[in-house]
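Close look at the chain arrangement
Letter by letter, the chains look like this.
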Amino acid sequence: MITTHPDGSWSYSKATQQYDVCFSSDTLKSDVVVFPAPFPPVDGELISINGGDTFTRTQTLPNKDKISYSVSEEVDKGTVVGNIAKDLHISAQQLEERGFRIVSGYSKMYFGANLRTGALFVSDKIDREEFCSNTLKCPLNIQALLNNPMNIYRIEVNILDVNDNAPAFSEKIHVFNISESSSAGERYPLPAAHDADAGINSVKTFKISQNEYFSIDVSSSRDSVSAELVLQKALDREKQPAIKLTLIAVDGGKPSKSGSMQILINVIDVNDNTPLFSKSLYKVSVSENVPLGTTILKLDATDLDEGSNSEIKYFLMRGGTVESSNKFDVFPDSGEIVVKSHLDYEESNVYEIRVRATDRGASPRSGYSKVLVEVIDVNDNAPEISITSMVSPVQENAGIGTVVALVTVTDKDGGPNGLNSCKIQDSVPFKLKSNYKNYYSLTVDGPLDRETVSVHNLTITAADEGSPALTSTAVLNVHISDVNDNAPTFPE
């Protein structure tokens, strides 16, 4: 039996059969490896488990394209992710001899390597929500370089979410005006809660304080959880003119975290028809460069009542997508929804807006609907070229295929607008070799002669597939160093 201790050490009882069972925390994998006693094997590697039975790191075997590891966010500096020497099938001594180094395009160096042991470790605190808010998989991609000869390896470290954020509502109190003539079974959409965590640690359910009039109905889709307040029996304004409830959002972490807000229900009288929207869900597409003030949709709701009880005003509700109220507005009288802030496909490609139609009766009643706005990408971002690990000068006797630099092309646009090609202009003894997607190696592609050309000025051009296409260029100066390849000569 394995016993874990607060300092990370472990022990086991020799009176029972001992096994080390290694589980992947990735829910898409279920590999199990069992080692019988004596334990552990000479070169075995232990995976730490904390008191909450949460794996702090896991490791998968490398394939021919990349080496993959996983590590939880917020772990301490120095936490070991894996043994890079072992997974590259070389000794730790070779790491130091061949000048092993980690190359990253991030603002901080989140990972480092111990060249004496071959361990890949966390060198800076990692906040998963900073990189991948509300996505199930969060890979950080880095590259490992070895010299003599130069080899390039892609490393993907999947950052595992921990439940370090509680659900939160965008408002402290939400008010419903519900007529006492409302029938049992009527439903009222409750405000949405947001949790910065992802997967199982995001919002999973809602609860409401105990009362005699309302229950809560929770529905789940692949990407969200929503709740509705369901009237269970008729209200009596004369008996109880207002009802106060507490709405609680609970995430799926272990232990779980929760957040709450107040629901105030004003029981009002006798406007007995609720405004009804023509659709329960409106869908509209809009280009990201649409001018401010553009009308994207006109809402339409009707009320069977007469007079002021049938006059409708439209409102945007808090809830839905967190930023939707900052991007859109509605004219209360006409129901026209307009753009009030610049849209950016790269920031968000879809918005969910919750809308309310309220009549002007003495006892106002409201109907509800949703608007789904899809933002269409335009090609407004040119490719960006990044050059790292430059080797200069290059000896004039360098062989064909020698790596001179690493070139990375990024584009914030999506779809075809984000697909790029990269090439070298003019005829030079160098070429770009594609490593993976938008990662390239600049290599020697012909004989070099310092006596003929001592500096090669390379112009690298990247172009996306948008219409019209956007391009960018980068200039790289490659200096050629001399080798003793010419014998002395006399002028006569």
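That block above? That's the structure.
What you see is a predicted model; the values in this text were computed from it and never measured. (Residues numbered from 1 in each chain as written. Predicted model: local features only at pLDDT ≥ 70, side-chain atom pairs only at ≥ 80, totals over all residues. Heavy atoms only, no water.)

Details of the overall build of the protein
Each helix and strand counted, the protein has four helices and 38 strands in total. The buried share of the protein, reckoned over its 492 residues, is 40%. Within the protein, counting contacts between residues at least 6 apart in sequence, those at least 24 apart form 63% of the total. (Helix = DSSP H or I, 4+ residues; strand = E, 2+ residues; numbered from the N terminus. Buried < 20%, exposed > 50% of the residue type's maximum accessible area, 1.4 Å probe, protein only. Contact = heavy atoms within 4.5 Å.)

What about the state of the cysteines?
All chains considered together, the criterion is met by one disulfide. Across the disulfide, Cys132 is cross-linked to Cys138 (sulfur-sulfur distance 2.2 Å). Judged by the sign of its S-S torsion, about 70°, the cystine formed by Cys132 and Cys138 is right-handed. In terms of burial, Cys132 and Cys138 fall into one category: buried. (Disulfide = S-S within 2.5 Å.)

Some remarks on unusual backbone geometry
Following Asn148, the chain continues to Pro149 via a peptide bond in cis, the omega torsion being -5°. Secondary-structure assignment places Pro149 in the loop between β11 (139–146) and β12 (151–160). Geometrically, the link from Ser392 to Pro393 is a cis peptide bond, its omega value of 5° lying close to zero. Mapped onto the elements, Pro393 comes out in the loop between β31 (384–388) and β32 (394–395). You will see that His89, though not glycine, has its phi angle at about 60°, which is positive.

Quick word on the sheet that holds β31
Spatial strand order, β31-β33-β36-β35: four strands in an open sheet with antiparallel pairing. A strand with exactly one partner marks an edge of an open sheet, and here the two such strands are β31 and β35 (430–436). For this sheet, the mean inter-axis angle between neighbouring strands, taken without regard to orientation, is 30°. Sheet topology note: the β31/strand β33 (residues 403–410) ladder contains five bridges and is antiparallel. When the sheet's bridge partners are listed, Ile387 is paired in β33 with Val407. (Pairing = 2+ DSSP bridges. Axes fitted to C-alpha atoms, helices over the stretch in contact; angles between N-to-C directions.)

Comments concerning the sheet that holds strand β37 (residues 455–464)
Ordered in space as β32-β38-β37-β34, the four strands form an open sheet in which the pairing is mixed. Strands with a single pairing partner mark the edges of an open sheet, and in this sheet they are β32 and β34 (420–424). Sheet topology note: the β34/β37 ladder contains five bridges and is antiparallel. Counted as the bridge partner of Ser421 is Ala463 from β37.

Brief notes about the pairing of β11
Along β11, six of the eight residues are buried, which leaves the element largely enclosed by surrounding structure. Where strand β8 (residues 101–103) and β11 come together, three bridges link them in antiparallel fashion. Bridge assignment links Val103 to a residue of β11, and that residue is Gln143. For β11 and β12, the ladder comprises eight bridges, and the chain directions are antiparallel. Within the sheet, the bridge partner assigned to Ile142 lies in β12 and is Ile155. In this antiparallel pair of consecutive strands, β11 and β12, the connection spans four residues, and Asn148 shows a positive phi of 55°.

Overview of the environment of Lys340
Tracing the backbone through its elements, the reader meets Lys340 in the loop between β28 (336–339) and β29 (350–359). Once residues lying within four places of it in the same chain are set aside, the contact partners of Lys340 are Leu292, Ser325, Asn326, Lys327, Phe328 and Asp329. Side-chain polar atoms of Lys340 contact the backbone oxygen of Ser325, separated by 3.0 Å. (Polar contact = N/O pair within 3.5 Å; in protein donor to acceptor, adjacent residues only side chain to side chain.)

What to know about a nonpolar patch on the surface
Taken together, Leu281, Val350 and Leu372 make up a surface patch of nonpolar side chains, about 200 Å² in accessible area. Examined against the element boundaries, Leu281 turns out to sit in strand β23 (residues 281–287). We classify Leu281 as partly exposed; its relative accessible area is 37%. (Patch = residues over 30% accessible without salt bridge, like charges linked within 9 Å, V, L, I, M, F, W, Y side chains within 5 Å. Areas by Shrake-Rupley, 256 points an atom, 1.4 Å probe, with all protein chains shown as cover. Salt bridge = Lys/Arg side-chain N within 4 Å of Asp/Glu carboxyl O.)

Thoughts on the side chain of Asp359
Among the secondary structure elements, Asp359 is positioned in strand β29. Although Asp359 lies buried, it forms no salt bridge, and the closest oppositely charged side chain, Arg365, sits 6.0 Å away as judged by the N-O distance. Beyond its immediate chain neighbours, meaning those up to four positions away, Asp359 contacts Asn271, Asn273, Pro275, Asp303, Asp305, Ser308, Asn309, Glu311, Ile312, Pro364 and Arg365. (Lys, Arg positive; Asp, Glu negative; His and termini not counted.)

Bear in mind that shape data such as this cannot, by itself, settle questions of function.
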